[in-house]
Amino acid sequence: MKDGKHITMGIETSCDETAIALLADGREILSNIISSQIDVHKVYGGVVPEIASRHHLSNLPFVYERALDEAGLVLSDVDEVGVCAGPGLAGALIMGTAFAKAICAASGKPLVGVHHIQGHIFSNIVEHPELEPPFLCLVISGGHTQLVEVRGYNEFHVLGGTRDDAVGEAYDKVARVLGLGYPGGPKIDEIARGGDPHAIEFKRVYLEKGSLDFSFSGTKTAVINYLHNEKQGGRSVNPADVAASFQEAVVEVLVNKAADALEMTGYKALAVAGGVAANSLLRERIRKACEERGTKLYIPSSILCTDNAVMIAGAAYRKAMEGRFASLRLDVWPGLDLEEGLDKLEM
Ligand code: KG4
Ligand code: ZN
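Just so you know, these numbers come straight off a predicted model, no measurement behind them. (Residues numbered from 1 in each chain as written. Chains lettered and ligands numbered in written order. Predicted model: local features only at pLDDT ≥ 70, side-chain atom pairs only at ≥ 80, totals over all residues. Heavy atoms only, no water.)

Let's talk about the site of ligand 1
Contacts to ligand 1 come from 19 residues, most closely from Gly142, Asp172, Asp189, Gly275 and Asp307. Within the contact set of ligand 1, an oxygen atom lies 2.8 Å away from a backbone nitrogen or oxygen of Gly142. The separation between an oxygen atom of ligand 1 and a polar side-chain atom of Asp172 is 2.7 Å. For ligand 1, whose unbound accessible area comes to 550 Å², protein coverage reaches 88%. Elements represented by at least two residues in the shell around ligand 1 include exactly helix H4 (116-127), helix H5 (167-177) and helix H6 (184-192). For the shell around ligand 1, the per-class residue count stands at five nonpolar, 11 polar and three charged. (Near = heavy atom within 4 Å. Polar contact = N/O pair within 3.5 Å; in protein donor to acceptor, adjacent residues only side chain to side chain. Areas by Shrake-Rupley, 256 points an atom, 1.4 Å probe, with all protein chains shown as cover. Helix = DSSP H or I, 4+ residues; strand = E, 2+ residues; numbered from the N terminus. Nonpolar A, V, L, I, M, F, W, Y, C, P; charged D, E, K, R; others polar.)

Considering the environment of Gln37
Take Gln37: it is sitting in the loop between strand E3 (28-36) and helix H1 (38-41). For the pair Gln37 and His56, spaced 19 residues apart in sequence, the C-alpha to C-alpha distance is 8.9 Å. If we skip the residues at most four places from it in the chain, Gln37 touches Asp16, Thr18, Ile51, Ala52, His55, His56 and Asn59. Side chain to side chain, Gln37 and His41 meet in a polar contact 2.7 Å long. (Contact = heavy atoms within 4.5 Å.)

Quick look at unusual backbone geometry
Gly86 connects to Pro87 through a cis peptide bond whose omega is -10°. For Pro87, the position within the fold is in the loop between strand E4 (80-86) and helix H3 (90-107). Here the amide bond leading from Tyr182 into Pro183 is cis, since omega sits at -10°, within 30 degrees of zero. Among the secondary structure elements, Pro183 is positioned in the loop between H5 and H6. Even without glycine at this site, Asp3 takes up a positive phi of about 50°. Residue position: Asp3 is located in the segment before strand E1 (7-12). One non-glycine residue, Asp25, lies in positive phi territory at about 50°. For Asp25, the location among the structural elements is in the loop between strand E2 (17-24) and E3.

What about the sheet that holds E2?
Taking strand neighbours across the sheet as the criterion, the five strands line up as E3-E2-E1-E4-E5 in an open arrangement whose pairing is mixed. The outermost strands of the open sheet, each flanked by one partner alone, are E3 and strand E5 (111-115). Sheet twist, expressed as the average angle between the axes of neighbouring strands with direction ignored, equals 20°. Where E1 lies against E2, six bridges are found, and the strand directions are antiparallel. (Pairing = 2+ DSSP bridges. Axes fitted to C-alpha atoms, helices over the stretch in contact; angles between N-to-C directions.)

A look at the nonpolar core
If you look at the biggest cluster of nonpolar residues, it comprises 55 residues, and the most contacted ones within it are Met9, Ile11, Ile20, Leu22, Ile121, Phe135 and Cys137. It is helix H2 (residues 49-71) that provides the largest number of residues to this core, a total of six residues. Two domains each put at least three residues into this core: domain 1 (7-122 + 305-346) and domain 2 (131-299). (Core = buried A, V, L, I, M, F, W, Y, C linked by side-chain atoms within 4.5 Å. Buried < 20%, exposed > 50% of the residue type's maximum accessible area, 1.4 Å probe, protein only. Domains from an automatic or database assignment.)

Brief notes about the domain arrangement of the chain
Taken domain by domain, the chain consists of domain 1 (7-122 + 305-346) and domain 2 (131-299). Each partner contributes to the interface: domain 1 provides 22 residues, whereas domain 2 provides 22 residues. Buried area between domain 1 and domain 2, both sides added, is near 1,900 Å², and the carbon and sulfur share of it is 67%. When residues of domain 1 are sorted by the area they lose upon contact with domain 2, Ile121, Cys305 and Glu339 head the list and together hold 31% of the total. One can count zero salt bridges joining domain 1 with domain 2. Our count for the contact surface shared by domain 1 and domain 2 stands at six residue pairs in polar contact (both at pLDDT 80 or more). When residues of the side of domain 1 that touches domain 2 are assigned to their parent elements, the largest contribution, five residues, is made by H4. Of the residues that constitute the side of domain 1 that touches domain 2, the class distribution is nine nonpolar, five polar and eight charged. (Buried area = accessible area lost by both parts, 1.4 Å probe. Salt bridge = Lys/Arg side-chain N within 4 Å of Asp/Glu carboxyl O.)

Comments concerning the packing of H6 against helix H8 (residues 239-265)
H8 packs onto H6 with a crossing angle of 110° between their chain directions and a minimal axis gap of 8 Å. One element, H6, and the other, H8, form an angle in the roughly perpendicular class. For H6 against H8, the interelement crossing comes out left-handed. Only Pro239, Ala240, Ala243, Ala244, Phe246 and Gln247 of H8 make contact with H6, whose side of the interface consists of Ile188, Asp189, Ile191 and Ala192. (Parallel < 35°, antiparallel > 145°, perpendicular 65-115°, else oblique. Left-handed = near helix turned anticlockwise from the far one by under 90°.)

Here is the structure:
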(Lines give C-alpha, C1' and ligand atoms only; values in the text may rest on other atoms or scores of the structure.)
(Ligands and ions follow the chains in the order given, each with its own letter.)
Protein backbone atom coordinates (compact mmCIF):
# COMPACT_ATOMS: atom_id res chain seq x y z
CA MET A 1 0.00 0.00 0.00
CA LYS A 2 1.21 3.41 -0.95
CA ASP A 3 -0.44 5.32 1.99
CA GLY A 4 -0.16 8.69 0.30
CA LYS A 5 3.62 8.38 0.02
CA HIS A 6 5.67 9.39 -3.00
CA ILE A 7 7.21 6.20 -4.42
CA THR A 8 10.39 6.08 -6.52
CA MET A 9 11.70 2.98 -8.27
CA GLY A 10 15.48 2.88 -8.84
CA ILE A 11 17.26 0.63 -11.36
CA GLU A 12 21.03 0.02 -11.41
CA THR A 13 22.88 -2.16 -13.94
CA SER A 14 26.10 -0.25 -14.68
CA CYS A 15 28.47 -3.11 -13.82
CA ASP A 16 27.86 -6.58 -12.36
CA GLU A 17 25.00 -5.95 -9.93
CA THR A 18 21.40 -6.12 -11.15
CA ALA A 19 19.60 -3.97 -8.60
CA ILE A 20 16.11 -2.54 -8.17
CA ALA A 21 14.85 -0.66 -5.10
CA LEU A 22 11.70 1.11 -3.98
CA LEU A 23 11.95 4.23 -1.87
CA ALA A 24 9.18 6.23 -0.16
CA ASP A 25 9.50 10.02 0.05
CA GLY A 26 13.16 9.86 -0.95
CA ARG A 27 14.33 8.21 2.27
CA GLU A 28 12.34 5.22 3.49
CA ILE A 29 13.72 2.01 1.96
CA LEU A 30 10.79 -0.27 1.10
CA SER A 31 12.90 -2.82 -0.79
CA ASN A 32 16.52 -3.10 -1.89
CA ILE A 33 17.09 -6.09 -4.17
CA ILE A 34 20.66 -6.71 -5.37
CA SER A 35 21.39 -9.70 -7.56
CA SER A 36 25.17 -9.98 -7.65
CA GLN A 37 26.92 -11.69 -10.55
CA ILE A 38 30.16 -12.16 -8.60
CA ASP A 39 30.00 -15.95 -8.80
CA VAL A 40 29.61 -15.77 -12.57
CA HIS A 41 32.57 -13.43 -13.11
CA LYS A 42 35.01 -14.66 -10.48
CA VAL A 43 36.15 -17.62 -12.62
CA TYR A 44 37.46 -15.00 -15.10
CA GLY A 45 39.14 -12.90 -12.38
CA GLY A 46 37.03 -9.83 -13.21
CA VAL A 47 33.84 -8.61 -14.88
CA VAL A 48 33.31 -9.79 -18.48
CA PRO A 49 31.11 -7.07 -20.07
CA GLU A 50 29.24 -9.28 -22.55
CA ILE A 51 28.38 -11.81 -19.83
CA ALA A 52 27.28 -9.01 -17.48
CA SER A 53 24.81 -7.71 -20.09
CA ARG A 54 23.30 -11.16 -20.67
CA HIS A 55 22.83 -11.72 -16.96
CA HIS A 56 21.19 -8.32 -16.49
CA LEU A 57 18.77 -9.26 -19.28
CA SER A 58 17.75 -12.50 -17.59
CA ASN A 59 17.85 -11.16 -13.99
CA LEU A 60 15.90 -7.91 -14.43
CA PRO A 61 12.35 -9.34 -14.57
CA PHE A 62 12.89 -11.39 -11.37
CA VAL A 63 14.59 -8.55 -9.51
CA TYR A 64 11.74 -6.22 -10.58
CA GLU A 65 9.04 -8.58 -9.28
CA ARG A 66 10.85 -9.17 -5.99
CA ALA A 67 11.39 -5.45 -5.44
CA LEU A 68 7.65 -4.73 -5.83
CA ASP A 69 6.63 -7.83 -3.79
CA GLU A 70 8.92 -7.01 -0.86
CA ALA A 71 7.67 -3.44 -0.81
CA GLY A 72 4.07 -4.69 -0.99
CA LEU A 73 3.43 -2.45 -3.99
CA VAL A 74 2.28 -2.70 -7.59
CA LEU A 75 3.57 -0.68 -10.53
CA SER A 76 0.62 1.72 -10.45
CA ASP A 77 1.83 2.87 -6.96
CA VAL A 78 5.14 4.08 -8.41
CA ASP A 79 5.47 7.83 -9.10
CA GLU A 80 8.64 7.75 -11.22
CA VAL A 81 11.30 5.34 -12.44
CA GLY A 82 14.95 6.34 -12.02
CA VAL A 83 17.68 4.52 -13.90
CA CYS A 84 21.47 4.77 -14.01
CA ALA A 85 22.44 5.79 -17.57
CA GLY A 86 26.21 6.18 -16.99
CA PRO A 87 29.07 5.97 -16.40
CA GLY A 88 29.56 2.20 -16.65
CA LEU A 89 29.72 -0.67 -19.13
CA ALA A 90 27.75 0.28 -22.26
CA GLY A 91 25.98 -3.05 -22.76
CA ALA A 92 25.15 -3.33 -19.06
CA LEU A 93 23.73 0.22 -18.96
CA ILE A 94 21.62 -0.49 -22.06
CA MET A 95 19.88 -3.38 -20.27
CA GLY A 96 18.80 -1.23 -17.31
CA THR A 97 17.77 1.78 -19.36
CA ALA A 98 15.85 -0.33 -21.92
CA PHE A 99 14.00 -2.02 -19.05
CA ALA A 100 13.19 1.32 -17.40
CA LYS A 101 12.04 2.82 -20.69
CA ALA A 102 9.81 -0.19 -21.37
CA ILE A 103 8.15 0.23 -17.95
CA CYS A 104 7.62 3.94 -18.58
CA ALA A 105 6.37 3.47 -22.14
CA ALA A 106 3.86 0.85 -21.00
CA SER A 107 2.65 2.67 -17.86
CA GLY A 108 3.09 6.35 -18.71
CA LYS A 109 5.27 6.85 -15.58
CA PRO A 110 7.92 9.58 -15.84
CA LEU A 111 11.54 8.51 -16.39
CA VAL A 112 14.58 9.97 -14.59
CA GLY A 113 18.19 9.44 -15.74
CA VAL A 114 20.77 9.22 -12.92
CA HIS A 115 24.56 9.55 -12.94
CA HIS A 116 26.13 6.57 -11.14
CA ILE A 117 28.38 8.72 -8.94
CA GLN A 118 25.54 11.09 -8.12
CA GLY A 119 23.82 7.91 -6.95
CA HIS A 120 26.74 6.89 -4.71
CA ILE A 121 26.73 10.38 -3.16
CA PHE A 122 22.97 10.05 -2.56
CA SER A 123 23.47 6.89 -0.46
CA ASN A 124 24.58 9.37 2.20
CA ILE A 125 21.64 11.72 1.65
CA VAL A 126 19.11 8.86 1.86
CA GLU A 127 20.57 7.60 5.15
CA HIS A 128 21.38 10.91 6.83
CA PRO A 129 18.41 13.31 6.79
CA GLU A 130 20.47 16.16 8.24
CA LEU A 131 23.02 16.06 5.40
CA GLU A 132 22.38 18.85 2.90
CA PRO A 133 24.61 20.43 0.25
CA PRO A 134 27.05 22.02 0.20
CA PHE A 135 29.50 19.41 1.49
CA LEU A 136 32.64 17.60 0.38
CA CYS A 137 32.51 13.99 -0.81
CA LEU A 138 35.30 11.45 -1.18
CA VAL A 139 34.14 9.03 -3.88
CA ILE A 140 36.07 5.75 -3.78
CA SER A 141 34.87 2.89 -5.96
CA GLY A 142 36.06 0.33 -8.49
CA GLY A 143 35.84 2.87 -11.30
CA HIS A 144 36.35 6.24 -9.58
CA THR A 145 38.49 8.01 -7.00
CA GLN A 146 37.43 11.64 -6.74
CA LEU A 147 37.12 14.51 -4.31
CA VAL A 148 33.86 16.22 -5.18
CA GLU A 149 32.33 19.46 -4.00
CA VAL A 150 28.60 18.76 -3.75
CA ARG A 151 27.35 22.30 -4.36
CA GLY A 152 23.72 21.30 -4.81
CA TYR A 153 21.69 18.10 -5.26
CA ASN A 154 22.36 18.32 -8.99
CA GLU A 155 25.53 20.43 -9.08
CA PHE A 156 29.00 19.02 -8.60
CA HIS A 157 32.55 20.31 -8.89
CA VAL A 158 35.39 17.79 -9.11
CA LEU A 159 38.45 18.99 -7.15
CA GLY A 160 40.66 16.02 -8.00
CA GLY A 161 40.59 12.50 -9.39
CA THR A 162 42.85 9.58 -10.08
CA ARG A 163 45.38 9.90 -12.88
CA ASP A 164 45.61 6.12 -13.33
CA ASP A 165 43.91 3.31 -11.36
CA ALA A 166 40.82 3.86 -9.24
CA VAL A 167 41.46 2.77 -5.66
CA GLY A 168 39.05 -0.20 -5.87
CA GLU A 169 40.78 -1.29 -9.06
CA ALA A 170 44.15 -1.25 -7.23
CA TYR A 171 42.62 -3.35 -4.41
CA ASP A 172 41.25 -5.83 -6.95
CA LYS A 173 44.58 -6.11 -8.81
CA VAL A 174 46.62 -6.60 -5.63
CA ALA A 175 44.14 -9.25 -4.47
CA ARG A 176 44.53 -11.00 -7.79
CA VAL A 177 48.34 -11.18 -7.56
CA LEU A 178 47.96 -12.46 -4.01
CA GLY A 179 45.65 -15.17 -5.37
CA LEU A 180 42.68 -13.98 -3.29
CA GLY A 181 40.16 -13.86 -6.16
CA TYR A 182 37.55 -11.31 -7.28
CA PRO A 183 36.35 -8.87 -5.97
CA GLY A 184 39.52 -8.30 -4.04
CA GLY A 185 38.63 -5.32 -1.84
CA PRO A 186 36.64 -7.23 0.79
CA LYS A 187 39.20 -10.09 0.80
CA ILE A 188 42.15 -7.73 1.42
CA ASP A 189 40.10 -5.96 4.11
CA GLU A 190 39.57 -9.31 5.82
CA ILE A 191 43.04 -10.85 5.70
CA ALA A 192 44.76 -7.52 6.50
CA ARG A 193 43.29 -7.78 10.02
CA GLY A 194 45.74 -10.61 10.72
CA GLY A 195 48.77 -8.84 9.19
CA ASP A 196 51.39 -6.26 10.19
CA PRO A 197 50.65 -2.94 8.41
CA HIS A 198 54.30 -1.88 8.85
CA ALA A 199 55.90 -5.11 7.60
CA ILE A 200 56.65 -3.57 4.19
CA GLU A 201 56.78 0.16 3.43
CA PHE A 202 54.98 0.39 0.08
CA LYS A 203 55.23 3.62 -1.90
CA ARG A 204 52.71 6.42 -1.12
CA VAL A 205 52.07 8.76 -4.04
CA TYR A 206 51.01 12.34 -3.21
CA LEU A 207 51.85 14.05 -6.56
CA GLU A 208 52.63 17.81 -6.70
CA LYS A 209 52.19 19.91 -3.57
CA GLY A 210 48.60 21.15 -3.35
CA SER A 211 47.28 18.60 -5.87
CA LEU A 212 44.07 16.80 -4.94
CA ASP A 213 44.61 14.20 -7.66
CA PHE A 214 45.43 10.59 -6.83
CA SER A 215 47.72 7.92 -8.29
CA PHE A 216 47.61 4.30 -7.16
CA SER A 217 49.39 2.47 -9.94
CA GLY A 218 52.80 3.08 -8.32
CA THR A 219 51.69 1.48 -5.05
CA LYS A 220 50.11 -1.43 -6.94
CA THR A 221 53.32 -1.94 -8.96
CA ALA A 222 55.39 -1.78 -5.76
CA VAL A 223 53.35 -4.72 -4.40
CA ILE A 224 53.77 -6.69 -7.64
CA ASN A 225 57.54 -6.02 -7.66
CA TYR A 226 57.87 -7.01 -4.00
CA LEU A 227 56.10 -10.33 -4.64
CA HIS A 228 58.24 -10.95 -7.71
CA ASN A 229 61.51 -10.21 -5.87
CA GLU A 230 60.62 -12.41 -2.92
CA LYS A 231 59.75 -15.25 -5.28
CA GLN A 232 63.02 -14.81 -7.22
CA GLY A 233 64.96 -14.83 -3.94
CA GLY A 234 63.21 -18.02 -2.84
CA ARG A 235 61.69 -16.31 0.20
CA SER A 236 58.19 -17.05 1.46
CA VAL A 237 55.64 -14.25 1.62
CA ASN A 238 53.03 -13.60 4.28
CA PRO A 239 49.89 -12.52 2.32
CA ALA A 240 48.34 -10.95 5.43
CA ASP A 241 51.39 -8.68 5.90
CA VAL A 242 51.34 -7.70 2.21
CA ALA A 243 47.59 -6.96 2.32
CA ALA A 244 47.89 -4.97 5.56
CA SER A 245 50.90 -2.97 4.29
CA PHE A 246 49.25 -2.21 0.93
CA GLN A 247 46.05 -1.11 2.68
CA GLU A 248 47.98 1.05 5.14
CA ALA A 249 49.65 2.91 2.23
CA VAL A 250 46.44 3.44 0.27
CA VAL A 251 44.28 4.49 3.23
CA GLU A 252 46.96 6.91 4.44
CA VAL A 253 46.88 8.72 1.08
CA LEU A 254 43.06 8.78 0.89
CA VAL A 255 42.69 10.19 4.41
CA ASN A 256 45.45 12.79 4.02
CA LYS A 257 44.10 14.00 0.66
CA ALA A 258 40.58 14.28 2.09
CA ALA A 259 42.00 16.29 5.02
CA ASP A 260 43.88 18.56 2.57
CA ALA A 261 40.66 19.11 0.59
CA LEU A 262 38.79 20.03 3.81
CA GLU A 263 41.56 22.45 4.70
CA MET A 264 41.60 24.04 1.24
CA THR A 265 37.84 24.40 0.88
CA GLY A 266 36.80 25.06 4.48
CA TYR A 267 33.90 22.55 4.38
CA LYS A 268 32.79 21.30 7.78
CA ALA A 269 31.07 18.14 6.49
CA LEU A 270 32.64 15.20 4.67
CA ALA A 271 30.74 12.33 3.07
CA VAL A 272 32.41 9.16 1.82
CA ALA A 273 30.82 7.10 -0.96
CA GLY A 274 31.48 4.07 -3.20
CA GLY A 275 32.46 0.44 -2.65
CA VAL A 276 35.77 1.17 -0.90
CA ALA A 277 33.86 3.20 1.73
CA ALA A 278 32.94 -0.25 3.11
CA ASN A 279 36.61 -0.80 4.01
CA SER A 280 37.08 -1.19 7.76
CA LEU A 281 40.49 0.54 8.04
CA LEU A 282 39.34 3.47 5.89
CA ARG A 283 36.22 3.90 8.05
CA GLU A 284 38.28 3.86 11.25
CA ARG A 285 40.98 6.27 10.01
CA ILE A 286 38.68 8.77 8.34
CA ARG A 287 36.50 8.89 11.45
CA LYS A 288 39.58 9.65 13.57
CA ALA A 289 40.80 12.33 11.15
CA CYS A 290 37.37 14.01 11.11
CA GLU A 291 37.09 13.89 14.91
CA GLU A 292 40.49 15.59 15.23
CA ARG A 293 39.43 18.34 12.82
CA GLY A 294 35.90 18.80 14.16
CA THR A 295 34.49 17.77 10.77
CA LYS A 296 31.11 16.01 10.63
CA LEU A 297 31.51 12.67 8.86
CA TYR A 298 28.87 10.77 6.87
CA ILE A 299 29.40 7.21 5.60
CA PRO A 300 26.59 4.95 4.34
CA SER A 301 26.01 1.53 5.90
CA SER A 302 28.10 -1.09 4.06
CA ILE A 303 25.21 -2.40 1.92
CA LEU A 304 24.67 1.10 0.49
CA CYS A 305 28.41 1.66 -0.18
CA THR A 306 28.69 -0.92 -2.96
CA ASP A 307 26.43 -0.74 -6.03
CA ASN A 308 22.72 -0.73 -5.22
CA ALA A 309 19.53 0.84 -6.53
CA VAL A 310 18.47 2.68 -3.35
CA MET A 311 21.09 5.29 -4.23
CA ILE A 312 19.66 5.61 -7.76
CA ALA A 313 16.11 5.97 -6.40
CA GLY A 314 17.31 8.60 -3.89
CA ALA A 315 18.90 10.73 -6.60
CA ALA A 316 15.91 10.17 -8.93
CA TYR A 317 13.46 11.34 -6.23
CA ARG A 318 15.33 14.61 -5.81
CA LYS A 319 15.61 15.12 -9.57
CA ALA A 320 11.88 14.44 -9.98
CA MET A 321 11.13 17.06 -7.29
CA GLU A 322 13.13 19.53 -9.40
CA GLY A 323 11.34 18.47 -12.62
CA ARG A 324 14.53 17.00 -14.12
CA PHE A 325 12.96 14.18 -16.14
CA ALA A 326 14.32 12.26 -19.12
CA SER A 327 12.48 11.41 -22.32
CA LEU A 328 12.11 7.90 -23.71
CA ARG A 329 15.05 8.82 -25.97
CA LEU A 330 17.40 8.64 -22.95
CA ASP A 331 20.73 7.23 -24.17
CA VAL A 332 23.54 5.55 -22.19
CA TRP A 333 26.84 7.35 -21.51
CA PRO A 334 29.70 4.98 -20.53
CA GLY A 335 32.07 7.88 -19.70
CA LEU A 336 29.53 10.40 -18.42
CA ASP A 337 31.19 13.40 -16.72
CA LEU A 338 29.81 14.38 -13.30
CA GLU A 339 30.45 18.08 -13.74
CA GLU A 340 29.57 18.64 -17.39
CA GLY A 341 27.45 15.63 -18.36
CA LEU A 342 24.27 15.86 -16.28
CA ASP A 343 22.33 17.72 -19.01
CA LYS A 344 22.58 14.62 -21.20
CA LEU A 345 20.33 12.82 -18.71
CA GLU A 346 17.51 15.32 -19.27
CA MET A 347 17.25 14.88 -23.04
O1 KG4 B 1 30.99 1.18 -5.89
P2 KG4 B 1 31.27 -0.20 -6.34
O3 KG4 B 1 30.37 -1.32 -5.87
O4 KG4 B 1 31.29 -0.30 -7.91
C5 KG4 B 1 31.81 0.71 -8.72
O6 KG4 B 1 31.09 1.71 -8.96
O7 KG4 B 1 32.98 0.53 -9.11
O8 KG4 B 1 32.78 -0.50 -5.92
C9 KG4 B 1 33.36 -1.74 -6.14
C10 KG4 B 1 34.77 -1.71 -5.61
C11 KG4 B 1 35.56 -2.97 -5.95
O12 KG4 B 1 36.81 -2.58 -6.47
C13 KG4 B 1 35.70 -3.66 -4.60
O14 KG4 B 1 36.86 -4.45 -4.49
C15 KG4 B 1 35.72 -2.48 -3.66
O16 KG4 B 1 34.77 -1.59 -4.18
N17 KG4 B 1 35.35 -2.85 -2.28
C18 KG4 B 1 36.21 -2.77 -1.23
C19 KG4 B 1 35.52 -3.28 -0.10
N20 KG4 B 1 34.25 -3.64 -0.52
C21 KG4 B 1 34.18 -3.37 -1.85
N22 KG4 B 1 37.48 -2.33 -1.16
C23 KG4 B 1 38.10 -2.37 0.05
N24 KG4 B 1 37.50 -2.84 1.16
C25 KG4 B 1 36.23 -3.31 1.14
N26 KG4 B 1 35.65 -3.77 2.26
ZN1 ZN C 1 29.49 2.05 -8.11
